[in-house]
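Residue-level structure breakdown
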Amino acid sequence: MRMVDLIEKKRDGEVLSAEEINFFIQGYTKGEIPDYQASAMAMAIFFKDMTEQERADLTMAMVNSGDTIDLSAIEGIKVDKHSTGGVGDTTTLVLAPLVAALDIPVAKMSGRGLGHTGGTTDKLEAIAGFHVELEKEEFVRLVNKDKIAVVGQSGNLTPADKKLYALRDVTATVNSIPLIASSIMSKKIAAGSDAIVLDVKTGAGAFMKTVDDAKELAHAMVSIGNNVGRKTMAVISDMSQPLGFAIGNALEVKEAIDTLQGKGPKDLEELCLALGRQMVYLANKASSLEEAEEMLKEVIRNGKALEKFKVFIANQGGDPSVVDHPEKLPQAAYLIEVPAKTDGVVAEIVADEIGTAAMLLGAGRVTKDSEIDLAVGLMLNKKVGDTVKAGESLVTIHANRENVEDVLAKIYDNIRIGDKVEAPVLIYGTVT
Ligand code: URA
Ligand code: CA
């Protein structure tokens, strides 16, 4: 087999076989196929697309390029949740204990990553003592015992994706549905869960700016998952404004605690229930999505979800008393209000720019070696559709520096006050 023939085939819009896709991916991972040929193939795929079978084959070729995690020592159906990324997305912190409270195993591998705030691991480390460095045996033991554990990333998962993603980044081939879908799904499948719930975001703070694009990506990922034997469902959700009120690491832990007590922001709660009910359903714990949602609401009402969060924290070395005393979380030195300049209705809160404002305070990493300040961030006091009077606070800045002119300017530039707005949509649909 020669790579040049495969490029030509895809360039002419033909369908590649599983064997041909494997030849490309394994050859590229080993360095036997050079970047220039892989670039040409990525561009051919960008223009000619792939069939559902090709997408599934590409995904599995990338899964098989490196290590895979074996969760078979954990009893029950392991359901993972993945979000395509957004601003102030506190859902994992809520969903992990919420779902585990229904005896569904949550065996999560989590990274730090770049972005407006840290990843789930960073957020959890805002709790004194909490750590994710667990040996495999301990990880499995904790999930079997208490149905929940989070472990830091280890092993060499999907090296083909790492290499190809970096190449796509510099060859204008990131924005291709078959390439994005296979990239994301390969990582999820290598991480070993039996079923996957996807939260595909749309809007300013998301990778997919329009609802149609988000739907197309969701369909592509659900089809890949189901084609390779992992039950997969997706929710399309709004990321035009940040999710919930909190954007920042310790602030989001507090927000998760509030939500597990049934007094969190409405949008965060609604999205957690929409994702959670799919997780419960895929884990075969409920016979309908409606029943699953009722079960989730019940463990919020009766305190079991909150109790599970405490057990989870204590199991991983953290201080569980933060749940009843969130003031023990890292606190910023300065709280600075951002008063509205006019009366009106909040018409827009541009998610990605507001996320950048949080990052300017130190809530997220600019490069992978940046230090995160776990205490800092933003608390939104108003969301899209809320009425506001001049002088009322739009946002509270939690800062560890006194001068926040840069952050203020960014916030004022990206919160628009108008006359009247349509109620914002949170969930645009589900894909099964
Ligand atoms: N995120 C990924 O992991 N891969 C892509 O290709 C795009 C976004
Ligand atoms: Ca939030």
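The coordinates are above.
Now for a look at the structure at hand. (Residues numbered from 1 in each chain as written. Chains lettered and ligands numbered in written order. Predicted model: local features only at pLDDT ≥ 70, side-chain atom pairs only at ≥ 80, totals over all residues. Heavy atoms only, no water.)

Re the site of ligand 1
All residues adjacent to ligand 1 are Tyr-165, Arg-168, Ile-180, Ser-183, Ile-184, Lys-187 and Phe-207. Take Tyr-165: an N or O atom from its side chain is 3.3 Å from a nitrogen atom of ligand 1. At 2.6 Å from a nitrogen atom of ligand 1 is found a side-chain nitrogen or oxygen belonging to Ser-183. For the shell around ligand 1, the secondary structure elements donating two or more residues are helix H8 (159–169) and helix H9 (177–190). At 4 residues, the largest contribution of residues to the shell around ligand 1 is made by H9. Considered class by class, the residues forming the shell around ligand 1 number 4 nonpolar, 1 polar and 2 charged. (Near = heavy atom within 4 Å. Polar contact = N/O pair within 3.5 Å; in protein donor to acceptor, adjacent residues only side chain to side chain. Helix = DSSP H or I, 4+ residues; strand = E, 2+ residues; numbered from the N terminus. Nonpolar A, V, L, I, M, F, W, Y, C, P; charged D, E, K, R; others polar.)

Focus on the pattern of salt bridges
Evaluation of the coordinates by the stated rule reveals 27 salt bridges. When the shortest N-O distance is used, the salt bridge between Lys-266 and Glu-269 registers 3.8 Å. Of the two residues, Lys-266 and Glu-269 are both situated in helix H12 (residues 266–282); the distance of 3 residues between them amounts to about one turn of the helix. Note that Arg-277 and Glu-293 form a salt bridge whose closest N and O atoms lie 3.2 Å from each other. You can see Arg-277 sitting in helix H12 and its partner Glu-293 sitting in helix H13 (residues 289–301), a full 16 residues away along the chain. On the basis of relative accessible area, Arg-277 is assigned to the partly exposed category, the value being 21%. Residues joined in a network through salt bridges with shared partners are Asp-80, Lys-108 and Lys-188. (Salt bridge = Lys/Arg side-chain N within 4 Å of Asp/Glu carboxyl O. Buried < 20%, exposed > 50% of the residue type's maximum accessible area, 1.4 Å probe, protein only.)

A look at a nonpolar patch on the surface
A grouping of Met-43, Phe-46 and Phe-47 is seen on the molecular surface, where their side chains present a nonpolar patch of about 290 Å² in accessible area. Positionally, Phe-47 belongs in helix H3 (residues 35–48). Judged by its relative accessible area of 62%, Phe-47 is exposed. (Patch = residues over 30% accessible without salt bridge, like charges linked within 9 Å, V, L, I, M, F, W, Y side chains within 5 Å. Areas by Shrake-Rupley, 256 points an atom, 1.4 Å probe, with all protein chains shown as cover.)

A word on the sheet that holds strand E11 (residues 393–399)
Strand pairing in a sheet relies on backbone hydrogen bonds, with the paired strands running either antiparallel or parallel. The 4 strands are arranged E6-E9-E11-E7 in an open sheet whose pairing can be described as antiparallel. Sheet topology places strand E6 (246–248) and strand E7 (334–339) at the edges, where each strand pairs with a single neighbour. Taking each pair of neighbouring strands and ignoring which way they run, the sheet shows an average axis angle of 15°. In the sheet, strand E9 (residues 377–380) pairs with E11 via 4 bridges, with the strands oriented antiparallel. Paired with Met-379 across the strands is Thr-396, a residue of E11. Seen against the sheet, helix H15 (residues 351–361) touches E6, E9 and E11 and runs at an angle of roughly 140° to E9. (Pairing = 2+ DSSP bridges. Axes fitted to C-alpha atoms, helices over the stretch in contact; angles between N-to-C directions. Contact = heavy atoms within 4.5 Å.)

What about the environment of Glu-290?
Relative to the helices and strands, Glu-290 resides in helix H13. Using a relative accessible area of 54% as the deciding quantity, one classes Glu-290 as exposed. Considering only alpha carbons, one finds Glu-290 and Val-350, 60 residues apart in sequence, at a separation of 33 Å.

A word on the nonpolar core
Soluble, globular proteins show a tendency: their nonpolar side chains are buried together. Leu-98, Ile-127, Phe-309, Leu-378, Ile-397 and Ile-411 are the most contacted members of the largest nonpolar core, which has 83 residues in total. With 8 residues, the top contributor of residues to this core is H12. With 34 residues, the next largest nonpolar core counts Ala-149, Ile-184, Val-200 and Ala-234 among its residues. (Core = buried A, V, L, I, M, F, W, Y, C linked by side-chain atoms within 4.5 Å.)

Observations regarding the side chain of Lys-308
With respect to the helices and strands, Lys-308 occurs in helix H14 (residues 304–315). In contact with Lys-308, other than residues within four places in its own chain, are Pro-97, Ala-100, Ala-101, Asp-146 and Ile-148.

Regarding the packing of helix H4 (residues 52–63) against helix H10 (residues 211–227)
Look at H4 against H10: their axes get within 9 Å of each other, and the N-to-C directions meet at 70°. The orientation of H4 with respect to H10, classified from their angle, is roughly perpendicular. The two elements H4 and H10 cross, and the hand of that crossing is right-handed. Where H4 abuts H10, its residues Glu-52, Arg-55, Ala-56 and Thr-59 lie against Ala-220, Ser-223, Ile-224 and Asn-227. (Parallel < 35°, antiparallel > 145°, perpendicular 65-115°, else oblique. Left-handed = near helix turned anticlockwise from the far one by under 90°.)

A word on the sheet that holds strand E1 (residues 79–83)
As summarised here, the arrangement of the 4 strands in space is E1-E4-E5-E13, forming an open sheet in which the pairing is mixed. The outermost strands of the open sheet, each flanked by one partner alone, are E1 and strand E13 (427–431). Strand-to-strand twist of the sheet, defined as the mean angle between neighbouring strand axes without regard to direction, takes the value 15°. Note: strand E5 (residues 231–238) against E13, 4 bridges, orientation antiparallel. Residue Ile-236 lies in a different strand from E13, and its bridge partner there is Gly-429.

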